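Inside the fold
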Amino acid sequence: MEQLTAADQLKRTGLRRMKLVATGFFLAATAVFVVALVFEEGGPAWIGYVRAAAEAGMVGALADWFAVTALFRRPLGLPIPHTAIIPTRKDTFGDALGSFVGTNFLSADVVQDKLRRVGIAQRVGAWLVQPDHAERVTSELSNVVKGAITVLRDDDVQAIVEQAVLRRLTDQPWGPPLGRLLGQVLTDRAHHKLVDLMCDRAYDWVRDNHDRIVGLVSERSPVWSPKFMDSLLGDKVYNELLNFAWAVKTDGEHPMRQAVDQFLISFSADLQHDPATVERAEAVKQQVVDHPDVQRLIGSAWGTAKGMLLTAAEDPSSELRKRIREGLMSFGQRLVSDESMRAKVDGWLEGAAGHVVGNYRDEITTLITDTVERWDAEETSRKIELQVGRDLQFIRINGTVVGALAGLVIYTIGQLVV
């Protein structure tokens, strides 16, 4: 049995009430007609006018009852042509409705004009600048991220990471791009800070390892060399090393520094153009990739990234959600204050809407026609009658009243002519 909502139940009650009212008008006209017909013979002249008005009112009421009823069902169950219009021509109405919507509403010009007048970018911007709204969007995006991560199979994602990313990375030779990168670093002289650090560390090491240096000199000296000579020689070597390290540390144009620069320049060129150096770089690359620790890192890459994303998405105070929220508010502020930005976003939306409507209008209208086609004819008729039947009962009431007035006018004209 059909289940009705409270609103539909109220509509059905109102429909029944209006049907009774319209029928009451017809019965009233019928009663007046019968009484007038009985007393017309030998009665006053105005009785004829009343009878004519009541008779025409009956005709009008019956005609409009037939017209209204014929929309939804066959009057009195009789197979009269062109009745039960909605049940029998439901599919035709669906096609016509789909065509009407496609022609008048799903036109690229209509949709783009509507979007242009609405000013979506302005409204979205004003909405996004509100912190609560930006947080709401951030929360929804976080839910989308969590849902997507949960649905994805770890093995599949890991396979994509290994095959699509890692394999593509390892299939390309590393030497030439590393050489170009190193050459750019040398051109920008960005490596000098690293060289400074190495020189500082070298000087500090020499300064703090006097005994070790002296000991090394003593170990390498002949066995017949006196110990005091070994000590003097060790001190001499230490001082020379310390002075050399200090000179390299403090002199930016020291020959040692220049030698390092020349070596790096030559090495960057060899990485790009020397086959032997490129081959050795590839061997080193393969050793790095095949190292067990690197393999374990690659194998756990997705698991680690997944955990980080889930944690960041679930935590409202995470840096990820904070950045997204601030980015949304900043974007909203730009939409509000920057007219060129608004125009650009509105242009994108209008272009996208025009493309969708222009290319998929038939698919959208098919949704209407297919949906109507799947409806049950009788059920559709009942639902439509439930929605508009109450207003249609006024046609019956108006038919009774207008018919009576028309009958009175016609009868009067007839009396005047005769």
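Counting from 1, residues in each chain are numbered in the order their sequence is written. With the structure being a predicted model, the display of local features is reserved for residues of pLDDT at least 70 and the display and counting of side-chain atom pairs for 80 or more, all residues being used for whole-chain, interface and lining totals. Side-chain calculation: all heavy atoms of the structure are included, whereas hydrogens and water are not.

Details of the overall build of the protein chain
- Only runs of H or I of at least four residues qualify as helices and only runs of E of at least two qualify as strands under DSSP, and these elements are numbered from the N terminus. When helices and strands are counted, the protein chain shows 19 helices and zero strands.
- If one aligns the C-alpha atoms of the protein chain with their principal axes, the spans along those axes are about 170 × 45 × 40 Å.
- The buried label goes to any residue with under 20% of its type's maximum accessible area, the exposed label to any with over 50%, and the partly exposed label to all in between, with areas taken from a 1.4 Å probe on protein chains only. The buried share among the 418 residues of the protein chain stands at 28%.
- When checking whether two residues touch, look at their non-hydrogen atoms; a contact exists if any pair is within 4.5 Å. For the protein chain, contacts bridging at least 24 residues in sequence account for 71% of all contacts bridging at least 6.
- Computed with a 1.4 Å probe, the accessible areas rest on the Shrake-Rupley method; for each residue, only the protein chains presented here act as cover. On the protein chain, roughly 27,800 Å² of surface is accessible, and the fraction owed to carbon and sulfur atoms is 63%.

Quick word on the side chain of Arg 257
- With respect to the element layout, Arg 257 can be found in helix α13 (residues 255–273).
- We call two N or O atoms a polar contact when they sit within 3.5 Å, provided that within protein one can donate a hydrogen and the other can accept it, with sequence-adjacent residues counted only if both atoms are side-chain atoms. At a separation of 2.8 Å, a polar atom in the side chain of Arg 257 contacts the main-chain carbonyl oxygen of Val 248.

Description of the domain arrangement of the protein chain
- Each domain's extent was defined by an automatic or database domain assignment. Entries for the protein chain in the domain assignment read domain 1 (6–83 + 376–417) and domain 2 (155–290).
- Placing the centre of domain 1 and that of domain 2 at their C-alpha centroids yields a distance of 105 Å.

Things to note about the environment of Ser 266
- Structurally, Ser 266 is set in helix α13.
- Of the residues examined, Ser 266 reaches a relative accessible area of 36% and is grouped as partly exposed.
- Remark: the alpha-carbon pair of Ser 266 and Leu 37, spanning 229 residues in sequence, is separated by 124 Å.

Regarding the environment of Gly 94
- Among the structural elements, Gly 94 can be located in helix α4 (residues 90–104).
- Overall, the relative accessible area of 3% leaves Gly 94 in the buried class.
- Sequence separation of Gly 94 and Arg 189 is 95 residues, and the distance between their C-alpha atoms is 74 Å.
- Beyond its immediate stretch of four places on either side in the chain, Gly 94 contacts Ile 368, Thr 369 and Val 372.

Brief notes about the packing of helix α6 (residues 120–128) against helix α17 (residues 319–337)
- Here α6 crosses α17 at 135°, and the two axes come no closer than 7 Å. By the angle between their directions, the pair α6 and α17 is classed as oblique. Crossing angle aside, the handedness with which α6 passes α17 is left-handed. Residues Ala 121, Gln 122, Val 124, Gly 125, Ala 126 and Leu 128 of α6 form the contact with α17, whose participating residues are Leu 328, Met 329, Phe 331, Gly 332, Leu 335 and Val 336.
- The residue classification treats Ala, Val, Leu, Ile, Met, Phe, Trp, Tyr, Cys and Pro as nonpolar and Asp, Glu, Lys and Arg as charged. All others, Gly included, are polar. In terms of residue class, the contact of α6 with α17 is made up of nine nonpolar, three polar and no charged. Note on geometry: axes are C-alpha line fits, over the in-contact stretch for helices, and angles between N-to-C directions span 0 to 180 degrees. Angular relationships are summarised with four words: roughly parallel below 35 degrees, roughly antiparallel beyond 145, roughly perpendicular across 65 to 115, and oblique for the angles in between. In this scheme the handedness of a crossing depends on how the near helix is turned from the far one: anticlockwise by less than a right angle means left-handed, clockwise means right-handed.

Regarding the UniProt feature "transmembrane region" (unreviewed entry) in the protein chain
- UniProt positions are given in the numbering used here, feature names are shortened, and annotations may be inferred rather than shown by experiment. In this numbering, the UniProt entry assigns the feature "transmembrane region" (unreviewed entry) to residues 20–39.
- Within residues 20–39, the helical portion is 100% and the strand portion 0%, while the C-alpha atoms at the span's ends are 28 Å from each other.

Considering the pattern of salt bridges
- Salt bridges are defined as contacts in which a side-chain nitrogen from Lys or Arg sits within 4 Å of a carboxyl oxygen from Asp or Glu. Overall, the coordinates contain 12 salt bridges when judged by the stated rule.
- Across the salt bridge formed by Arg 257 and Asp 196, the nearest N and O atoms sit 2.7 Å from each other. Placement of the pair is Arg 257 in helix α13 and Asp 196 in helix α10 (residues 192–208), with a sequence separation of 61 residues.
- The closest approach of N and O atoms between Glu 319 and Arg 323, which form a salt bridge, is 2.8 Å.

A closer look at the layout of surface pockets
- Lining residues are those with an atom within 4 Å of a point, where the points come from a 1 Å grid over the protein atoms alone and group into cavities, where a 1.4 Å probe fits but cannot get out, or pockets, open sets with protein on both sides within 12 Å along at least five of seven lines. Grid points are joined across faces, edges and corners, and a volume is the space filled by probe spheres set on the points. Empty space within the largest pocket amounts to approximately 330 Å³.
- As for the largest pocket, its lining consists of 17 residues, of which Leu 194, Val 195, Met 198, Cys 199 and Val 260 are closest to the centre.
- For the lining of the largest pocket, the element with the highest residue contribution is α10, accounting for six residues.
- Its residues assigned to classes, the lining of the largest pocket shows 15 nonpolar, one polar and one charged.
- Taken as a whole, the second largest pocket encloses approximately 170 Å³ of empty space.
- As for the second largest pocket, its lining consists of Leu 186, Arg 189, His 191, His 192, Val 195, Asp 196, Gly 252, Glu 253, Arg 257, Gln 258, Asp 261 and Ile 265.
- Of all elements in the fold, only α10 and α13 reach the threshold of two or more residues within the lining of the second largest pocket.
- Element by element, the count of residues in the lining of the second largest pocket is highest for α13, at four residues.
- Within the lining of the second largest pocket, the residues separate by chemical class into three nonpolar, four polar and five charged.

Details of the packing of aromatic side chains
- What counts as a ring pair is set by centres within 6.5 Å for rings of Phe, Tyr and Trp (its six-membered ring), and what kind of pair is set by the plane angle: stacked under 30 degrees, edge-to-face over 60, tilted for all other angles. Under the definition given, this model contains three aromatic pairs.
- Plain terms: the ring middles of Tyr 203 and Trp 246 are 5.2 Å apart, the flat faces sit at 55° to each other, and that makes the pair tilted. Taken together, the residues Tyr 203 in helix α10 and Trp 246 in helix α12 (residues 227–250) connect sequence positions 43 residues apart.
- Residue class for Tyr 203 comes out buried when judged on its relative accessible area of 13%.
- Seen from their ring centres, Phe 263 and Phe 267 are 6.0 Å apart, and the 5° between their planes marks the pair as stacked.

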